[in-house]
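Notes for the structure review
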Amino acid sequence: MIKRSMQSVLGTWLAGLLALLPLAVTISLLAWAINLLNTYIGPKSLVGQLFAYFGQSFVKNPVLQYLTGTCLLLMAIYCLGIVVQSRLKKPLAALVDRTVRRIPVIGSLYNLADRFVGLLDQKQDADIAAMSPVWCLFGGDGVAVLALMPNPDPVEIEGRVYQVVLVPTAPVPIGGGLLYVPKDWIRPANIGVDKLTSIYVSMGITPPPNLSKMPSGAPVIVG
């Protein structure tokens, strides 16, 4: 009787823990995000001190200086958005092409960042074809991994054709491992980047579509 009572109490306690766990995980993720933002753009960060510098002309209190500088930055970004939506968008893009994109290293980083922002912004001219979700079947018929192909151009290594893929991490798919796998291990996933992201964010709870049987070495169609 005592053993059954203990099992009942333990089962009830576990039920309560499982009910509380999603809320606890959500609070933990929010706390992590807030702490991350505070580290990089908080009042004591380098960026926060820059915000406070712009607010010194209006208020004396350090906290109010930071808040004032932040508001000024938000207003400046809004004004920039108005300019971008106006007829000055093309001249600004041309100016960036003639300056930032031509700087060694910085230009390459800017191009990569611009492509990612284009995906998030769902621009019609974004390079979607260069960011195609694919299945990687290791060994040709082994472990299947849902990955992202950032570049459709193959790479030859010691006489064998390889393809570069990015394997995201769950539940934060903005990071991951960059792998070069044999081209004949890759199959098209036939899903969008948003679907791939939702699969990784859900840590596999959202199921991927079924992969139809394809012959080994079938061409990978991107786009």
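Everything quoted here is computed from the prediction, not taken from an experiment.

Description of the environment of Ile-157
Counting through the fold element by element, Ile-157 comes out in strand β3 (residues 155-157). Of the residues examined, Ile-157 reaches a relative accessible area of 36% and is grouped as partly exposed. Residues Ile-157 and Pro-182, spaced 25 residues apart in sequence, show a C-alpha to C-alpha distance of 9.4 Å. Excluding its chain neighbours within four sequence positions, the residues that come into contact with Ile-157 are Tyr-162 and Tyr-180.

Quick notes on the pattern of salt bridges
Scanning the entire structure with this criterion turns up 1 salt bridge. For Arg-160, the salt bridge goes to Asp-184, with nearest N and O atoms at 3.7 Å. With a gap of 24 residues between them, Arg-160 in strand β4 (residues 160-168) and Asp-184 in the loop between β5 (176-182) and β6 (186-188) connect regions that are remote in the sequence. Judged by its relative accessible area of 37%, Arg-160 falls in the partly exposed class.

Digging into the confidence of the model for the protein chain
On average, residues of the protein chain score 77 in pLDDT, and 82% of them are at 70 or above. Within the model, the stretch residues 124-129 combines pLDDT values under 50 with 6 contacts to residues more than four positions away or in other chains. The model gives residues 215-223 a pLDDT under 50, and that stretch makes 18 contacts with residues more than four places away or in other chains.

A word on the side chain of Ser-202
Considering the arrangement of structural elements, one finds Ser-202 in the segment after α6 (193-201). Polar side-chain contacts of Ser-202 include one of 3.0 Å to the backbone oxygen of Ile-199.

So, α6
Inspection of α6 places Leu-196, Ile-199 and Tyr-200 among the buried residues, and these make up the whole buried set. Down the axis of α6, the buried side of the element spans an arc of 95°, and every buried residue falls inside it. After α6 finishes, the residue Met-203 shows a positive phi value of roughly 55°.

Overview of unusual backbone geometry
Excluding glycine, residues mostly have negative phi values, and the peptide bonds linking residues are mostly trans. Positive phi, normally seen in glycine, also occurs at Glu-158, with a value near 55°. Inspection of the secondary structure assignment puts Glu-158 in the loop between β3 and β4. Of note in the backbone geometry, Asn-190 takes a positive phi value of approximately 60° without being a glycine. The exposure class of Asn-190 is exposed, given its relative accessible area of 72%.

A short note on the environment of Ser-57
With respect to the element layout, Ser-57 can be found in the loop between α2 (46-55) and α3 (62-85). Each C-alpha atom, one on Ser-57 and one on Gly-69, is 9.7 Å from the other, the two residues being 12 residues apart in sequence.

Re the side chain of Ser-45
Along the chain, Ser-45 turns up in the loop between α1 (2-41) and α2. Of the residues examined, Ser-45 reaches a relative accessible area of 7% and is grouped as buried. Here Gly-42 takes part through its backbone oxygen, which lies 2.7 Å from a polar atom of the side chain of Ser-45. In this structure, Ser-45 is in contact with Asn-38, Thr-39 and Tyr-40, ignoring residues within four places of it in sequence.

Some points on the nonpolar core
Counting residues in hydrophobic clusters, the biggest one holds 17 residues, and the most contacted among them are Val-134, Cys-136, Leu-146, Val-165 and Ile-186. Among the secondary structure elements, those contributing two or more residues to this core are β1 (132-137), β2 (144-149), β4 and α6. The biggest single contributor to this core is β2, with 4 residues. Other than its neighbours up to four places away in sequence, Leu-146 contacts Val-134, Trp-135, Pro-168, Ala-189, Ile-191, Leu-196, Ile-199, Tyr-200 and Pro-208.

A closer look at the packing of aromatic side chains
All chains considered together, the criterion is met by 1 aromatic pair. Pairing Phe-138 with Trp-185 gives two aromatic rings, centres 5.9 Å apart and planes at 70°, and the pair type is edge-to-face. In this pair, Phe-138 sits in the loop between β1 and β2 while Trp-185 sits in the loop between β5 and β6, placing the two residues 47 residues apart along the sequence. Note on Phe-138: relative accessible area 27%, which makes it partly exposed.

How each quantity is defined
Residues numbered from 1 in each chain as written. Predicted model: local features only at pLDDT ≥ 70, side-chain atom pairs only at ≥ 80, totals over all residues. Heavy atoms only, no water. Helix = DSSP H or I, 4+ residues; strand = E, 2+ residues; numbered from the N terminus. Buried < 20%, exposed > 50% of the residue type's maximum accessible area, 1.4 Å probe, protein only. Contact = heavy atoms within 4.5 Å. Salt bridge = Lys/Arg side-chain N within 4 Å of Asp/Glu carboxyl O. pLDDT = per-residue confidence, 0-100. Polar contact = N/O pair within 3.5 Å; in protein donor to acceptor, adjacent residues only side chain to side chain. Arc of directions from axis to C-beta. Core = buried A, V, L, I, M, F, W, Y, C linked by side-chain atoms within 4.5 Å. Phe/Tyr/Trp six-rings, centres within 6.5 Å; stacked < 30°, edge-to-face > 60°.

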